Amino acid sequence: MNLRRLLLVLPVVLAAAFFAPALEAAPKSGTEFMTAGFQTTETRPLRLAVLPAHAQFYKAQAVMTNEMVAEAGALERESAKSIASILEARGYSVRLVTRADIEAIPGGADLLLRFDNRFNEELGKVFKAPKDVRHGRFSVGDPATELARALKVEGLVPMRIVAVGNTAGRAGLVAALSLGMAFVQSYSTMYLGIVHGNGGRLEGYFTGYEPNGLKRMVQEPDKAMAELSDRAMKDLPMAHQVLKPKKKDLEAEAANPGGEQVGDEIIQQFEAAAGKSLAEPAAAAGLETGPPPPAGEPPAGDPPPADNPPAQDPPPAQDPPAEKDPPPPPGNPPPSRREPPPAPGERAPAIRDPAVTG
Amino acid sequence: MSCARVLRRIVVAGSVAGLILAAAGRADAQEKGEYGPVPVRDSEKPLMKSVTEYEDLFVRRNARYPESAVGALVTSIGNALAPKPVDDYIHYRFHVLRDPDVNAFALPDGQVYVQAGLIAMLENEAQLAAVMAHEVNHTAGHHVILRYRSVRSKSVAGMVFGPFTLGLSDIFVGLSVSGYSRELEDEADSHGLSLMLEAGWDPRQMARTFELMQADPDVETPHRATAWSSHPQLPARVESARARAATLLPEGPTTALKVNGDEYREIVRPLSCAVALGLIDEDQPRTACVLARRLVAEAPANPATRFVLAESLRGLGALSEVAPAEQTTQTDKKQNVKERGRLTRAEREAALLATPEGVAEKKRNLETACDEYHRALELDGSMAEASRGLGLAEHGLGNNEAAGRALVAYLRARPDATDRPIVLKQLEQITAALKSDRETRP
């Protein structure tokens, strides 16, 4: 090669070498946000339930865009499997939840629906300020605790996937109409949360973007979702790996700590603190009947635990009048201590104002 | 050519294209549904494929309400209203969705969905028939397919003219599509009234249905500009349904027409209770309260309705049960929607509790809730969930001992409840507060 040719080629080679890493990294990206407790493993759930994923798959054709419902189902199945295998590989104990698992739980379908709705609600806010996940700002609330208890896990892993596949016709049309200045790309994105099963705090939020083609997503959903899952979970720590959170994240954690599990012993502690026998708690609270206390739980009135000696409690006679007036006999509702409820039919008996659509 | 001249030409071309599109839109808008056979074109096969798969999707998402008396009622009304299908791809089936929002929709292959929130809101069977007649007409008139064709043709026009109109064509396409959609909705109302009358239901109830939909207790539904709305405005729909029903009704007594109020409300009561609880979950406590008050008015001796009212009141937190009149303007509604999207539930509650009014409101709501929990427990002493709610409400009021007793009662009555960790956590706080009280007492 003569010098003249080398001088011509060299800038091209150098430019390619300079931009290649950027080109490689630019379209494939993933981000993660974790609470300080999650990073230090204090609030990191290790037994996780991977919940059924929700995927939306759109096929953008030259003129119209159509939803691909059955193909989205394949993406849902494969993404859940991929995420479960990644979590297992990093040392987490994983339960891949199926529809049959949910149906086996009494009220499970309702519980999952409540959880999904609440997660979707929070996700809308997370999109606007994902960094706030580090401060423990987002919580799915009670449905998360209930679902985790029903599934016997410490944490829940919900995920949402959006996939857009552009046909060749669409790509050609966009390129032609923009005179080659614009192009479209098929891709899939994943938004995944790790929700604590005690309190429902969003401990970790992981996203991934993968430019996989329409054909690949339709014909090889397993491979497409494996790539996407890898991308989203690339920064998930190993189960027992301790990370070093930022100082301000630690401060936020101290102000808003994650939930700790409370055991049944709190019932006895309450009884001791209340300072009087709760031999008939059901009757005291208005319940007529109820099953006996669970096995292992001492009957009401038993000596309190050692850390709550009765001597420290004031005698019952000094109890503040915290309780309500005794309920009146049935059929004669008690006079309200406050304002009476509005008369029946006082307000328009309607719910809200969306339209009946077709 | 000077720059100004080029710009002027572009603007003129854009205006002309816009006018052409608008004219095309008007021409389409004057079209009506097609009640004869409408073969599906190749370009519409993806649409029909998705539509068929939706049925599985709703099952996969557990969104369908399980078979029940309400489902049977919806099916029987639907079958009474549905005309004989004229295409082999139409096969009517009627489902209830678990969603507490007020909505219903129909798909072109005959699937008709009514959401639980709508069923709970209605007062009688004739109103449900009005909704279903409207939806059945969308399928019978092939509205979805026709709208798909309309959007498709307008999109092609938009693509061709788009570069010359600096993107203005998209606006005209949007306006045109919305206008066409409103025409079809109007037609579905009009034909629905006739169907109702033929099947023996009182068509006057359709206007009442639209009146009910206008309520907005949570003040979060700002009105949309008519031009961009896919449906005619509700006040206009009320007037037009009323006028059409008057012309349709035969002269003389109309007592033979079915309305079935009491029986309907009896059948949908359990579903309505579930809807009210669902609305609390969805953080729409004012709407839940309106529904719960109505349920209590209908069945005051039913412990379930009392419980639902108590839960709704507790769910209000620091919100007033009825939105103050000065907070119901369009600007307020838009602001409310914005805040809901921006702030978490805990942040909104904290903002309300930062004011004395909010604190007072919360106290009032919890006190009323406690009364209702007590009433529920008087009516059904074994209702452990009422005991739980009572405990949580008393805890909110600072009545720790009463709160703890009620929660312990719940924990003993429901040892396997999924919310046990939540209740135990509350009990822990109550116990800590009690100990602290005792220690600080002289």
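Given the structure is predicted, the values throughout are model-derived calculations rather than measurements.

### Describing the overall build of chain A
A count of helices and strands for chain A gives 12 helices and 9 strands. Here chain A, with 358 residues, has 39% of them falling under the buried criterion. In chain A, 74% of the contacts between residues at least 6 apart in sequence involve partners at least 24 apart.

### Some details on the overall build of chain B
Secondary structure summary: chain B contains 18 helices and 3 strands in total. In chain B, buried positions account for 46% of the 442 residues. Considering only residue pairs separated by 6 or more positions, chain B has 72% of its internal contacts joining residues 24 or more positions apart.

### Quick look at the pairing of strand β7 (residues 159–166) of chain A
Residue and element names in this part refer to chain A. The element β7 is extensively covered by neighbouring structure, given that 6 of its 8 residues are classed as buried. With 6 bridges connecting them, β7 and strand β8 (residues 187–196) associate as antiparallel partners. What sits directly across from V162, in β8, is T189.

### Things to note about the nonpolar core
Counting residues in hydrophobic clusters, the biggest one holds 107 residues, and the most contacted among them are I119, A129, M132 and A276 of chain B. In this structure M132 of chain B touches I77, G78, L81, V112 and V114 of chain B, once residues within four positions along its chain are discounted.

### Digging into helix α17 (residues 400–413) of chain B
With 14 residues, α17 of chain B extends 20 Å from end C-alpha to end C-alpha; this agrees with the ideal 20 Å at 1.5 Å per step. Within α17 of chain B, 14 of the 14 residues are buried, which leaves it mostly tucked inside the rest of the structure.

### Overview of unusual backbone geometry
Trans is the common state for peptide bonds, and a negative phi is the common state for residues other than glycine. One non-glycine residue, T41 of chain A, lies in the positive phi region at around 75 degrees. Along the chain, T41 of chain A turns up in the loop between α2 (36–39) and β2 (47–50). Located in the positive-phi region is V219 of chain B, a residue other than glycine, with phi close to 40 degrees. Of note, V219 of chain B is situated in the loop between α8 (205–213) and α9 (234–248).

### Considering the environment of T209 of chain B
Residues and elements named next belong to chain B. By the secondary structure assignment, T209 is in helix α8. The exposure class of T209 is buried, given the 26 C-beta atoms found within 10 Å. Remark: the alpha-carbon pair of T209 and L257, spanning 48 residues in sequence, is separated by 17 Å. Not counting residues within four places of it along the chain, the set of residues in contact with T209 comprises L122, Q127, A130 and V131.

### Description of the confidence of the model for chain B
It should be kept in mind that the predicted coordinates are not to be read in detail where pLDDT is low. All names here are of chain B. This prediction gives chain B a mean pLDDT of 89; 93% of its residues lie at or above 70. The spread of mean pLDDT over the elements of chain B runs between helix α1 (residues 3–29), the lowest at 53, and helix α12 (residues 303–316), the highest at 98. Within the model, pLDDT remains below 50 along residues 23–31, and this stretch shows 14 contacts once partners closer than five positions in the same chain are excluded. Interface predicted TM-score (ipTM) for the complex: 0.88; the corresponding pTM is 0.81.

### A look at helix α6 (residues 142–151) of chain A
Residue and element names in this part refer to chain A. Burial analysis of α6 places 8 of its 10 residues in the buried class, which makes it a mostly covered element. Those residues of α6 that fall on the buried side of the exposure criterion are P143, A144, T145, E146, L147, A148, A150 and L151. Just downstream of α6, K152 is the residue with a positive phi angle, here 60 degrees.

### A word on the sheet that holds strand β3 (residues 111–115) of chain B
What links the strands of a sheet is backbone hydrogen bonding, and the strands pair in either a parallel or an antiparallel sense. Residue and element names in this part refer to chain B. Across the sheet, 3 strands lie side by side as β1-β3-β2; this open sheet has mixed pairing. In this open sheet, the two edge strands, each paired with only one partner strand, are β1 (93–97) and β2 (104–106). On average, each strand axis in the sheet is inclined to that of its neighbour by 15 degrees, with strand direction left out of account. Pairing of β2 with β3 involves 3 bridges; the strand directions are antiparallel. Bridge assignment links A104 to a residue of β3, and that residue is V114. The strands that helix α3 (residues 69–81) touches are β1 and β3; relative to β1, the one it contacts most, it runs at about 145 degrees.

### Regarding the environment of A351 of chain B
With respect to the helices and strands, the residue A351 of chain B is situated in helix α14 (residues 345–353). In this structure, the C-alpha to C-alpha distance between A351 of chain B and P300 of chain B, residues 51 residues apart in sequence, is 35 Å.

### Here we look at the packing of helix α16 (residues 384–397) of chain B against α17 of chain B
Residue and element names in this part refer to chain B. Contact pair α16 / α17: the axes reach a minimum separation of 7 Å and the direction vectors enclose 155 degrees. Classed by the angle they form, the pair α16 and α17 counts as roughly antiparallel. Considering how the two elements wind past one another, α16 and α17 form a crossing that is left-handed. Packed against α16, whose contacting residues are A384, S387, R388, L390, G391, E394 and H395, the element α17 presents N400, A402, A403, A406, L407, A409, Y410 and A413 at the interface. Looking at the contact of α16 with α17, its residues break down into 9 nonpolar, 4 polar and 2 charged.

### Considering the packing of helix α5 (residues 108–128) of chain A against α6 of chain A
Residue and element names in this part refer to chain A. Running from N to C, α5 and α6 point in directions that differ by 140 degrees, and their axes come no closer than 9 Å. Considered as vectors, α5 and α6 are oriented oblique to each other. As for how α5 packs across α6, the hand of that crossing is left-handed. Of α6, the residues touching α5 (which contributes G108, L111, L112, R114, F115 and R118) are P143, A144, E146, L147 and A150.

### A word on the confidence of the model for chain A
All names here are of chain A. A residue-level look at chain A finds 68% of positions with pLDDT of 70 or above and a mean pLDDT of 77. Low pLDDT, under 50, characterises residues 277–284; the predicted model gives this stretch 22 contacts beyond four residues in sequence or across chains. Taken together, the stretch residues 288–358 has pLDDT below 50 and engages in 124 contacts with residues farther than four places along the chain or on a different chain.

### Side note on the environment of S85 of chain A
Residues and elements named next belong to chain A. The residue S85 is located in helix α3 (residues 69–89) in this model. Residue S85 is classed as partly exposed on the basis of its C-beta count, with 15 C-beta atoms lying within 10 Å. Sequence separation between S85 and G172 is 87 residues; the distance between their C-alpha atoms is 38 Å.

### Quick look at the pairing of β1 of chain B
All names here are of chain B. Summarising burial for β1: 4 of the 5 residues are buried, a large majority. Sheet topology note: the β1/β3 ladder contains 5 bridges and is parallel. Looking at the pairing, F94 lines up with V112 of β3.

About the cut-offs
Residues numbered from 1 in each chain as written. Chains lettered and ligands numbered in written order. Predicted model: local features only at pLDDT ≥ 70, side-chain atom pairs only at ≥ 80, totals over all residues. Helix = DSSP H or I, 4+ residues; strand = E, 2+ residues; numbered from the N terminus. Buried ≥ 20, exposed ≤ 12 C-beta atoms within 10 Å, placed from the backbone. Contact = placed C-beta atoms within 7 Å. Pairing = 2+ DSSP bridges. Core = buried A, V, L, I, M, F, W, Y, C linked by C-beta atoms within 7 Å. Expected span 1.5 Å × (residues − 1). pLDDT = per-residue confidence, 0-100. Axes fitted to C-alpha atoms, helices over the stretch in contact; angles between N-to-C directions. Parallel < 35°, antiparallel > 145°, perpendicular 65-115°, else oblique. Left-handed = near helix turned anticlockwise from the far one by under 90°. Nonpolar A, V, L, I, M, F, W, Y, C, P; charged D, E, K, R; others polar.

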